[in-house]
Amino acid sequence: MFGFFEKQPFSSLRVMGHDVNVVSITRDAEVLYTGDIVKTYAKDRLEGQILEISFGTRSGNPYFVYYLCSDYYFAVALPSGAASFGGPQKTEEFRSAVSQQIALFLVQYLQNALQIDARADITSFSHNGANTNVLAYVASLSGWYPIQHNNTEGEDASEEKVAQVDSGSAMIADVIAVDYPSPDGID
């Protein structure tokens, strides 16, 4: 009745015994959601442990969901990390399970907060590797954005990209994922 009692989905999830926090949802270079945990960050913080999932759609560009899971991040970012997570098979199982749980969150959030029914629109997902994005505050846009920063770029690449957007010499669409997943620099 009047939408007062509609529940928002929980952005903190527990998947296969690991804590997962959805921190951002973007589409077409627009931030659709920023997680509560991010709102507590200092604006000069650069969060480099975010992981990206691209959700392909029938209607246009994909939705990109970014999340934090320190257990999984260290399992895929460190050379011997997969063993601590249960091996490559467990990391793949986790990737699928977390992508499915986050897809449910995405659909519920879009429906409840933005009145977008994406249940039939979302067709696939692609889970990106570690070290492809850094969550950073972009002052000129007054928001947190997942800046592409792959492992072949220098340490200051994210700060430089944010500075370019803030100065007007680059558009946010130039430095975040819009049509396809962020590059990992390995290919």
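Before reading on, note that the structure itself is shown above.
Here goes a summary of the coordinates provided. (Residues numbered from 1 in each chain as written. Predicted model: local features only at pLDDT ≥ 70, side-chain atom pairs only at ≥ 80, totals over all residues. Heavy atoms only, no water.)

### A short note on the sheet that holds strand S8 (residues 133-138)
Then, number 1: Read across the sheet, 3 strands follow the order S4-S8-S9 without closing on themselves; strand pairing throughout is antiparallel. Taken across any chain shown, the strands that pair with only one partner, and hence form the sheet edges, are strand S4 (46-47) and strand S9 (143-148).
Then, number 2: Summarising the sheet, S8 and S9 pair through 6 bridges and their orientation is antiparallel. Bridging across to S9, Leu135 finds its partner in Pro146.
Then, number 3: Each of S4, S8 and S9 touches helix H4 (residues 157-167); the most contacted strand, S8, lies at about 35° to it. (Pairing = 2+ DSSP bridges. Helix = DSSP H or I, 4+ residues; strand = E, 2+ residues; numbered from the N terminus. Contact = heavy atoms within 4.5 Å. Axes fitted to C-alpha atoms, helices over the stretch in contact; angles between N-to-C directions.)

### A closer look at the packing of aromatic side chains
Then, number 1: For the coordinates displayed, the defined rule picks out 10 aromatic pairs.
Then, number 2: Where Tyr33 meets Phe105, the ring centres are 5.4 Å apart and the plane angle is 70°; that geometry is what we call edge-to-face. Note that Tyr33 is positioned in strand S3 (residues 30-34) and Phe105 in helix H3 (residues 88-114), a separation of 72 residues in sequence. The same class applies to Tyr33 and to Phe105, which are both buried.
Then, number 3: With a centroid separation of 5.4 Å and 75° between ring planes, the pair formed by Tyr73 and Phe74 is classed as edge-to-face.
Then, number 4: Taking the relative accessible area as the measure of exposure, Tyr73 reaches 10% and is therefore buried.
Then, number 5: Put simply, the rings of Tyr33, Phe105 and Tyr109 pair up and form one aromatic cluster.
Then, number 6: Directly above the ring of Tyr63 sits Arg27, whose terminal nitrogen or CZ lies 4.4 Å from the centroid. (Phe/Tyr/Trp six-rings, centres within 6.5 Å; stacked < 30°, edge-to-face > 60°. Buried < 20%, exposed > 50% of the residue type's maximum accessible area, 1.4 Å probe, protein only. Lys NZ or Arg CZ within 6 Å of the ring centre and 35° of its normal.)

### Concerning the environment of Val22
Then, number 1: Assignment of secondary structure puts Val22 in strand S2 (residues 18-27).
Then, number 2: Once the C-alpha coordinates of Val22 and Asp156 are considered, the two residues, 134 residues apart in sequence, prove to be 25 Å apart.
Then, number 3: Excluding residues within four positions of it along the chain, Val22 makes contact with Ser11, Tyr33, Gly35, Val65, Tyr66, Tyr67, Ile102 and Phe105.

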